[in-house]
Amino acid sequence: IYDGIWKDDKYLEGYLLHADNTQYEGMFKAMLPHGKGTQLYTDGRRYNGEWNTGKMEGKGQMNYTNGDVYIGDWVDNKAEGKGTYIYKNGNQFIGNFKDDEMDGEGIFRYR
């Protein structure tokens, strides 16, 4: 189900409910999330940030179902580049990420 603005028979900006109940609200390009938007996944994860032709790319924040949060750079749907991972217990890793993993230099803060 799509509710929003159309241009040239394509989604431009609005709300999309997918068949699997994943929800997206934001901007579109070529019928795919593009620009700024928020996606709520059926498992409870929530991503708010930048999209590039259907993929999380640029700056964004992912809230995980276990209470952890990642804020930072995304490439091809993965945490990649500079970012901060905040654990539910308050511990934090601030540094580099690659393929969704801490990678290279960084600071780990215990709370």
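Quick look at the structure, then.

What counts as what
- Residues numbered from 1 in each chain as written.
- Predicted model: local features only at pLDDT ≥ 70, side-chain atom pairs only at ≥ 80, totals over all residues.
- Heavy atoms only, no water.
- Helix = DSSP H or I, 4+ residues; strand = E, 2+ residues; numbered from the N terminus.
- Buried < 20%, exposed > 50% of the residue type's maximum accessible area, 1.4 Å probe, protein only.
- Contact = heavy atoms within 4.5 Å.
- Areas by Shrake-Rupley, 256 points an atom, 1.4 Å probe, with all protein chains shown as cover.
- Lys, Arg positive; Asp, Glu negative; His and termini not counted.
- Charge placed at Lys NZ, Arg CZ, Asp CG, Glu CD.
- Phe/Tyr/Trp six-rings, centres within 6.5 Å; stacked < 30°, edge-to-face > 60°.
- Lys NZ or Arg CZ within 6 Å of the ring centre and 35° of its normal.
- Polar contact = N/O pair within 3.5 Å; in protein donor to acceptor, adjacent residues only side chain to side chain.
- Pairing = 2+ DSSP bridges.
- Axes fitted to C-alpha atoms, helices over the stretch in contact; angles between N-to-C directions.
- Core = buried A, V, L, I, M, F, W, Y, C linked by side-chain atoms within 4.5 Å.
- Salt bridge = Lys/Arg side-chain N within 4 Å of Asp/Glu carboxyl O.

Quick word on the overall build of the chain
Phase 1 of the analysis: Of the regular secondary structure elements, the chain holds zero helices and ten strands.
Phase 2 of the analysis: Its helices and strands in sequence order give the chain the pattern β-β-β-β-β-β-β-β-β-β, from N to C terminus.
Phase 3 of the analysis: When its C-alpha atoms are laid out on the principal axes, the chain stretches across 50 × 25 × 15 Å.
Phase 4 of the analysis: Taking all 111 residues of the chain together, 30% fall into the buried category.
Phase 5 of the analysis: Of the contacts formed within the chain by residues at least 6 apart in sequence, a portion of 2% connects residues at least 24 apart.
Phase 6 of the analysis: Working note: accessible area of the chain is about 7000 Å², and carbon and sulfur atoms make up 49% of it.
Phase 7 of the analysis: Distance between charge centroids for the chain: 4 Å, based on 14 positive and 18 negative side chains.

Quick word on the packing of aromatic side chains
Phase 1 of the analysis: Scanning the entire structure with this criterion turns up 16 aromatic pairs.
Phase 2 of the analysis: Note on Tyr2 and Tyr11: the rings are 3.9 Å apart at their centroids and 15 degrees apart in plane angle, and the pair reads as stacked.
Phase 3 of the analysis: Owing to a relative accessible area of 17%, Tyr11 belongs among the buried residues under this scheme.
Phase 4 of the analysis: The structure contains a cluster of three or more aromatic residues connected by ring pairs, namely Tyr2, Trp6, Tyr11, Tyr24, Phe28, Tyr47, Trp51, Tyr70, Trp74, Phe93 and Phe97.
Phase 5 of the analysis: Over the face of the ring belonging to Tyr41 we find Arg45, whose NZ or CZ atom lies 4.2 Å from the ring centre.

A few points about the side chain of Asn91
Phase 1 of the analysis: Along the chain, Asn91 falls in the loop between strand E8 (78–86) and strand E9 (92–98).
Phase 2 of the analysis: Polar side-chain contacts of Asn91 include one of 2.8 Å to the backbone nitrogen of Arg111.
Phase 3 of the analysis: Excluding its chain neighbours within four sequence positions, the residues that come into contact with Asn91 are Tyr85, Ile86, Phe108, Arg109, Tyr110 and Arg111.

A few points about the sheet that holds E9
Phase 1 of the analysis: Spatial ordering of the open sheet is given by E1-E2-E3-E4-E5-E6-E7-E8-E9-E10, a layout of ten strands whose pairing is antiparallel. The open sheet has two edge strands with one neighbour each: strand E1 (2–7) and strand E10 (101–109). Each strand of the sheet is rotated relative to its neighbour by a mean of 10 degrees, with strand direction disregarded.
Phase 2 of the analysis: Sheet topology note: the E8/E9 ladder contains six bridges and is antiparallel. Bridge pairing in E9 links Gly83 to Gly95.

What to know about the nonpolar core
Phase 1 of the analysis: Counting residues in hydrophobic clusters, the biggest one holds 16 residues, and the most contacted among them are Tyr47 and Met56.
Phase 2 of the analysis: When sequence neighbours within four positions are dropped, the list of residues in contact with Tyr47 reads Gly37, Thr38, Gln39, Tyr41, Met56, Glu57, Lys59, Gly60, Gln61, Met62 and Trp74.

As for the pattern of salt bridges
Phase 1 of the analysis: Under the criterion given, the structure shown has four salt bridges.
Phase 2 of the analysis: Here Asp43 and Arg45 are joined by a salt bridge, their closest N and O atoms 2.9 Å apart.
Phase 3 of the analysis: Classification of Arg45 as partly exposed rests on a relative accessible area of 25%.
Phase 4 of the analysis: One salt bridge in this structure joins Lys59 and Asp73, with 2.6 Å as the shortest N-O distance.

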